[in-house]
Amino acid sequence: MFSTVRWIAFVLAVLLLIISPYLPPGVPGLIVVITALALWFKSVEQWLSIALGIIGLLGLLGILPIFVLCASILIVTTKELVFSLTGGKTIEYALSFICGLLITALVMEYLGVQSWLSAVVGATVCVLLHSILGTQKNAVTIELIAVAMIMLLIEDLEYEATFPLVATAVVIAFGFSYFAYRLKTADIPGLFSAALVGVLLIVFAGISWFMIMLSFFILGAIATRFHMDYKKSLHVEEEKGGVRGYVNVFANGLVSVCAAVGYGVTQHPAFVAAYLGSVATAAADTVAGEIGVCYGKPRLITTMQPVREGTNGGISFVGELAGLFGAVFVSTSAVLLGVADFSIFVAAVIGGFIGTNLDSLLGELYENKHLWGNAGTNFLATLGGGLVTALLWAIVSFFSG
């Protein structure tokens, strides 16, 4: 249901957009803060009031540009309107994303700005969070603040992304993500999180970087389905039949995205090494786990004592070979695509192999003690693999240069 408070927020954003060119800096933010205070005392939707108050205060302080202030409110409230009218159909996610982009395009046209990357990222994050949070009472609050902050971050990078580039990234990233969803290798949150990762990779680093990531996802999907019946008999198969969700996407892809953004902003080859090392680690870990569990008795990485299949920290000879193959596969794709030279290739193979064993070590030392989950282990392993690869590349470059 599209409540009165959300209508007020929508109309407020439209009115602010119209009059903002005639107002002194900070005044639009002040108006949002005053409105938020009024809604706090008069409305049952105080969570939305909190979100409006926070972004209004940032606007008042001059931190949040008027474009981000208005666009974030309109993206979230438009999404709420679409979901209230479609009655819980899957198509509402696509409609929300498209409508968010359209209304942000109107904002950009009126204000005379070109921030297509911010628009795409904001609309994607909004729908992604809705798919995760659902109807939680604080969902809209989180969505509004998150959309405003991520759009602000993109704006602060001052990275020039043209409309053709962003449009191409959207078509390619969402096309492959939708294909993965139709093949039941990703759920709705996984679709939008993978699309977000893809858009950022393509815009900041190029289509070749996206293809490297895609090679990992394809290899991982094949490995996940390898001897699935046998894995089920051992009860070690991936949850939901290997369908990837947003946690899996971000745990394995966050470091890679940061490296791609770093490369886009600086053009430094160290970020190429870090990117390839993190992807090689993710690929090596996935293949090692999925293939290794099917052959031989695993041993605990810290003591070399035999353990049950699927135990965190368990390694096997076949699993190690499979992990090495995963790192080589991804690194080779990077060379063939012209992203990496031989020195980065070698560093990434070593870094990816070290990263997958780091994953096993962290799984045994910390995940088994319930200090964090598998996502935390994957994130730290990809971070470690990326850093090791960048360090190895730096050492080789130093002595060869």
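In case you missed it, the structure is sitting above this.
All of the points below concern the structure found in this document. (Residues numbered from 1 in each chain as written. Predicted model: local features only at pLDDT ≥ 70, side-chain atom pairs only at ≥ 80, totals over all residues. Heavy atoms only, no water.)

## Details of the packing of helix α1 (residues 4-19) against helix α4 (residues 66-86)
Between α1 and α4, the least distance of the axes is 9 Å, while the angle of their chain directions is 145 degrees. Between α1 and α4 lies a crossing of left-handed hand. Residue-level contacts link R6, W7, A9, F10, A13, V14, L16 and L17 of α1 to C70, I73, L74, T77, T78, E80 and L81 of α4. A breakdown of the residues in the contact of α1 with α4 according to their chemical character gives 11 nonpolar, 2 polar and 2 charged. (Axes fitted to C-alpha atoms, helices over the stretch in contact; angles between N-to-C directions. Helix = DSSP H or I, 4+ residues; strand = E, 2+ residues; numbered from the N terminus. Left-handed = near helix turned anticlockwise from the far one by under 90°. Contact = heavy atoms within 4.5 Å. Nonpolar A, V, L, I, M, F, W, Y, C, P; charged D, E, K, R; others polar.)

## Quick look at unusual backbone geometry
Within the chain, K184 stands out as a residue other than glycine whose phi angle is a positive 65 degrees. Mapped onto the elements of the fold, K184 is located in the loop between α8 (163-182) and α9 (188-204). The phi dihedral of M304 falls on the positive side, at around 65 degrees, and the residue is not glycine. Positionally, M304 belongs in the loop between β1 (299-300) and β2 (314-315).

## Brief notes about the state of the cysteines
Taken as a whole, this structure holds 0 disulfides when the rule is applied. Of all cysteine sulfurs in the structure, the one in C126 sits closest to C70, which takes part in no disulfide; the separation is 16 Å. The exposure class assigned to C70 is buried, which follows from its relative accessible area of 0%. (Disulfide = S-S within 2.5 Å. Buried < 20%, exposed > 50% of the residue type's maximum accessible area, 1.4 Å probe, protein only.)

## Topic: the nonpolar core
One finds L52, F97, L117, F192 and V199 to be the most contacted residues of the largest nonpolar core, which totals 106 residues. Ranked by residue count, the leading element in this core is α9, at 13 residues. Excluding residues that lie within four positions of it along the chain, L52 makes contacts with A9, V32, A36, L39, I73 and L144. (Core = buried A, V, L, I, M, F, W, Y, C linked by side-chain atoms within 4.5 Å.)

## What to know about the packing of aromatic side chains
Evaluation of the coordinates by the stated rule reveals 16 aromatic pairs. Look at Y178 and Y181: their rings are 6.4 Å apart centre to centre, the planes differ by 35 degrees, and that puts the pair in the tilted class. Highlighted residues: Y178 and Y181, both in helix α8, separated by 3 residues, approximately one helical turn. Of the residues examined, Y181 reaches a relative accessible area of 22% and is grouped as partly exposed. Through a chain of ring-to-ring contacts, the aromatic side chains of F83, Y93, F97, F174 and F192 assemble into a single cluster. Against the face of F83 rests K79, its NZ or CZ located 6.0 Å from the ring centre. (Phe/Tyr/Trp six-rings, centres within 6.5 Å; stacked < 30°, edge-to-face > 60°. Lys NZ or Arg CZ within 6 Å of the ring centre and 35° of its normal.)

## Section: the layout of surface pockets
What the second largest pocket holds in volume is close to 500 Å³. Forming the boundary of the second largest pocket are 29 residues, of which A180, T185, L214, F217 and I218 lie nearest the centre. Tallying contributions element by element places helix α10 (residues 207-225) first for the lining of the second largest pocket, with 10 residues. Broken down by class, the residue content of the lining of the second largest pocket amounts to 19 nonpolar, 8 polar and 2 charged. (1 Å grid on protein atoms, 1.4 Å probe; cavity = no way out; pocket = protein on both sides within 12 Å on 5 of 7 lines; lining within 4 Å. Points joined across faces, edges and corners; volume = space filled by probe spheres on them.)

## Here we look at a nonpolar patch on the surface
On the surface, a nonpolar cluster with roughly 710 Å² of combined accessible area is contributed by W7, V11, L15, I18, I19, Y22 and Y110. Here the nonpolar patch gets 5 residues from one element, more than from any other, and that element is α1. (Patch = residues over 30% accessible without salt bridge, like charges linked within 9 Å, V, L, I, M, F, W, Y side chains within 5 Å. Areas by Shrake-Rupley, 256 points an atom, 1.4 Å probe, with all protein chains shown as cover. Salt bridge = Lys/Arg side-chain N within 4 Å of Asp/Glu carboxyl O.)

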